[in-house]
Amino acid sequence: MEVRARVLGSQLCLSPHSSPTSRRSREMSDCYTELEKAVIVLVENFYKYVSKYSLVKNKISKSSFREMLQKELNHMLSDTGNRKAADKLIQNLDANHDGRISFDEYWTLIGGITGPIAKLIREQEQQSSS
């Protein structure tokens, strides 16, 4: 609650609709820490795939989610081009079974991806310190 109130009550460096490649983003790039920039990219990526024309607001459709997997996560996830594999992932993430991916469900995906990456980094650090 405190973080949200602080962000909403302060001057934001980026407008909610700016993209990481926009001129304004580049001008304000020193305003945020690396971690804050990473969070902004993750949030912007979610909204990049939310349909502006959908009757269901703030959710990613199955087809848009499949597109996101292919374009954004093809180096970190296997079988991103496989429709059955993508549909299985959607089914696993879709906690309320509405056939769409909410922000919380998307965040579950991000957590699922970052866990194994963190493990690999720890293992590499242990190997290099040995």
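Structure's up top.
Described below are features of the structure shown in this document. These numbers come from a predicted model, not from an experiment.

1. Section: a nonpolar patch on the surface
Here's step 1: A cluster of nonpolar side chains, namely L35, V39 and W107, defines an oily patch on the protein surface of about 300 Å² accessible area.
Here's step 2: Of note, L35 is situated in helix α3 (residues 34-48).

2. Side note on helix α6 (residues 103-129)
Here's step 1: In this model α6 runs 38 Å from its N-terminal to its C-terminal C-alpha over 27 residues, within 8% of the 39 Å that 1.5 Å per residue would give.
Here's step 2: Along α6, the residues that are buried comprise E105, Y106, L109, I110 and I113.
Here's step 3: Along its buried surface, α6 packs onto α3, α4 (62-72), α5 (83-93) and β2 (101-102).

3. Considerations on the environment of D98
Here's step 1: Note on placement: D98 falls in the loop between α5 and β2.
Here's step 2: The exposure class of D98 is partly exposed, given its relative accessible area of 33%.
Here's step 3: Separated by 37 residues in sequence, D98 and S61 have C-alpha atoms that sit 9.8 Å apart.
Here's step 4: At a separation of 3.0 Å, a polar atom in the side chain of D98 contacts the main-chain amide nitrogen of R100.

Rules used in this analysis
Residues numbered from 1 in each chain as written. Predicted model: local features only at pLDDT ≥ 70, side-chain atom pairs only at ≥ 80, totals over all residues. Heavy atoms only, no water. Patch = residues over 30% accessible without salt bridge, like charges linked within 9 Å, V, L, I, M, F, W, Y side chains within 5 Å. Areas by Shrake-Rupley, 256 points an atom, 1.4 Å probe, with all protein chains shown as cover. Salt bridge = Lys/Arg side-chain N within 4 Å of Asp/Glu carboxyl O. Helix = DSSP H or I, 4+ residues; strand = E, 2+ residues; numbered from the N terminus. Expected span 1.5 Å × (residues − 1). Buried < 20%, exposed > 50% of the residue type's maximum accessible area, 1.4 Å probe, protein only. Contact = heavy atoms within 4.5 Å. Polar contact = N/O pair within 3.5 Å; in protein donor to acceptor, adjacent residues only side chain to side chain.

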